[in-house]
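# Observations on the model geometry
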Amino acid sequence: MRISAANIVKYAIAMIFMAGVFLSRHFGIAPGIAAGRSFRDFAMEMAAFLPLMFILIGIIDVWLPRSLIERHVGSGSGIRGSVWVILLAMLQAGPLYAAFPVAQLLWKKGCSTRNIFIYLGAFATIKVPMLTFEIGFLGLRFSLLRTLITLPVFIAIAYIMEALPKTKDFAVLDPATDGKE
Amino acid sequence: MRVMLIITLGAVLASLLFDRRRTWAGIRRGVRMFLGILPDLLVVLIAAAVLLALTPESAIVRLLGRESGPAGIAAAAIVGSIALIPGFVAFPLAAVLHQSGVSLDVIAVFVTTLMMVGIVTLPVERRYFGWKVALYRNGLSFVGALVVGLLMGLFL
């Protein structure tokens, strides 16, 4: 893979950050040490999870027939298709940026624009692993009410995203190939 | 985490049984996708870590704790949109906010913007959707989170 100029800048930022954390540790600068620690936490979460997830997406990509996705969650799939993507999203875990590659795969296989955004909304707000955590800290009443109110809200957002004239030429890009710098 | 390992391993093994070449093609595609987004992800995580270090939990509690009503909602929406706080930190923090007297509609706006709006993760999001769509999605989600908060306030 060729390394673009933009990526060199990004890696340089990472290098400068690492140097900053190293110096902070050496001289005992508290915010620098704290930033290093939370970056380590984020990176550990990512390093363990994301490569596995991307490999799984790659495997699904080569086997999953386009016709299947097109039929069940494509433009003509109606409410049933939206229920499918909501269920798929609810069963997942992880930060929102982990949903983008899945959305890209769904899009590539023929998922409708509306269902892409319903998927993202459901992933962001009503993942089951997250809900159990939320109930533990904020209570069942809060969590249930928030879920019931958020559901129509993100569905409405998906309808608006689909209808916006600016998104007519909508596509979910693959950063590895068509991502334009 | 372990679930992910088992599912991925199972999928790779099952795939290998059927078609070895196709399996390698799939794995290569996955790795390429990962490497394609890695630099952006690194920058986003660095930005999130620096932001978190500069605004410790106590600062967020102070910021959201003092205000209530429209000012509290606005503060919650802005902090929630900018911060990138994983769920296992966000919900305990929300519970602390509630105990320190922050009303539930403000908390609903805070957690909903945290979940749906990601200003720090925009550099990653735009690689998939482009700037325009990413900004629209975040903008609409911001408004949506306010609606959620207002309705929560009516019911709670």
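Just so it is clear, the model here is predicted, and its values are computed rather than measured.

## Let's talk about the overall build of chain A
On a plain count of helices and strands, chain A comes out with eight helices and zero strands. When the helices and strands of chain A are listed from N to C terminus, the series reads α-α-α-α-α-α-α-α. For chain A, the C-alpha atoms occupy an extent of roughly 60 × 50 × 35 Å along the three principal directions. Sorting the 181 residues of chain A into buried and exposed places 40% on the buried side.

## Re the overall build of chain B
The helix and strand tally for chain B stands at seven helices and zero strands. In chain B, the succession of helices and strands from N to C terminus is α-α-α-α-α-α-α. Seen through its principal axes, chain B has C-alpha atoms that stretch 60 × 35 × 30 Å. Burial statistics for chain B: of 156 residues in total, 49% are counted as buried. Taking contacts inside chain B between residues at least 6 apart in sequence as the whole, the part at least 24 apart equals 75%.

## Brief notes about the interface of chain B and chain A
With 68 residues of chain B in contact, the opposing surface of chain A contributes 65 residues. For the side of chain B that touches chain A, the secondary structure elements donating two or more residues are helix 1 (2-18), helix 2 (20-54), helix 5 (87-99), helix 6 (104-116) and helix 7 (122-155) of chain B. For the side of chain B that touches chain A, the leading source of residues is helix 2 of chain B, giving 27 residues. Its residues assigned to classes, the side of chain B that touches chain A shows 47 nonpolar, 13 polar and eight charged.

## Considerations on the confidence of the model for chain B
Averaged over every residue, the pLDDT of chain B is 91; residues scoring 70 or more account for 98%. Note on the complex model: pTM 0.92, ipTM 0.93.

## Observations regarding the packing of helix 4 (residues 69-82) of chain B against helix 6 of chain B
Residue and element names in this part refer to chain B. Between helix 4 and helix 6, the shortest axis-to-axis distance is 7 Å and the interhelical angle comes to 20°. Here helix 4 is positioned roughly parallel relative to helix 6, judged by the angle of their axes. At the point where helix 4 passes helix 6, the crossing takes the right-handed sense. For the pair formed by helix 4 and helix 6, the contact residues are G72, I73, A76, A77, V79, G80 and S81 on the first element and D105, V106, V109, F110, T113 and L114 on the second. Its residues assigned to classes, the contact of helix 4 with helix 6 shows eight nonpolar, four polar and one charged.

## Some points on the domain arrangement of chain A
Partitioning chain A into domains gives domain 1 (1-51) and domain 2 (64-175). Just the C-alpha atoms count here: the centres of domain 1 of chain A and domain 2 of chain A sit 31 Å apart.

## Concerning the nonpolar core
Ranked by internal contacts, the top residues of the largest apolar core, which has 99 residues, are A103, L106 and Y119 of chain A. In terms of residue count, helix 2 of chain B provides more of this core than any other element does, 13 residues in total. Viewed by domain, this core spans two of them, domain 1 (1-51) and domain 2 (64-175) of chain A, each represented by three or more residues.

## With respect to the environment of G144 of chain B
All names here are of chain B. Within the secondary structure, G144 is located in helix 7. Its 24 C-beta neighbours within 10 Å are what place G144 among the buried residues. Separated by 83 residues in sequence, G144 and V61 have C-alpha atoms that sit 23 Å apart.

## Side note on the packing of helix 4 of chain B against helix 7 of chain B
All names here are of chain B. The interhelical angle for the contact between helix 4 and helix 7, taken along N-to-C directions, is 135°, at an axis separation of 11 Å. Taken together, helix 4 and helix 7 sit at an angle that is classed as oblique. Of the two elements, helix 4 crosses helix 7, and the hand of that crossing is right-handed. Within the contact between the two elements, helix 4 uses I73, A77 and S81 and helix 7 uses F142, A145, L146 and G149.

How each quantity is defined
- Residues numbered from 1 in each chain as written.
- Chains lettered and ligands numbered in written order.
- Predicted model: local features only at pLDDT ≥ 70, side-chain atom pairs only at ≥ 80, totals over all residues.
- Helix = DSSP H or I, 4+ residues; strand = E, 2+ residues; numbered from the N terminus.
- Buried ≥ 20, exposed ≤ 12 C-beta atoms within 10 Å, placed from the backbone.
- Contact = placed C-beta atoms within 7 Å.
- Nonpolar A, V, L, I, M, F, W, Y, C, P; charged D, E, K, R; others polar.
- pLDDT = per-residue confidence, 0-100.
- Axes fitted to C-alpha atoms, helices over the stretch in contact; angles between N-to-C directions.
- Parallel < 35°, antiparallel > 145°, perpendicular 65-115°, else oblique.
- Left-handed = near helix turned anticlockwise from the far one by under 90°.
- Domains from an automatic or database assignment.
- Core = buried A, V, L, I, M, F, W, Y, C linked by C-beta atoms within 7 Å.

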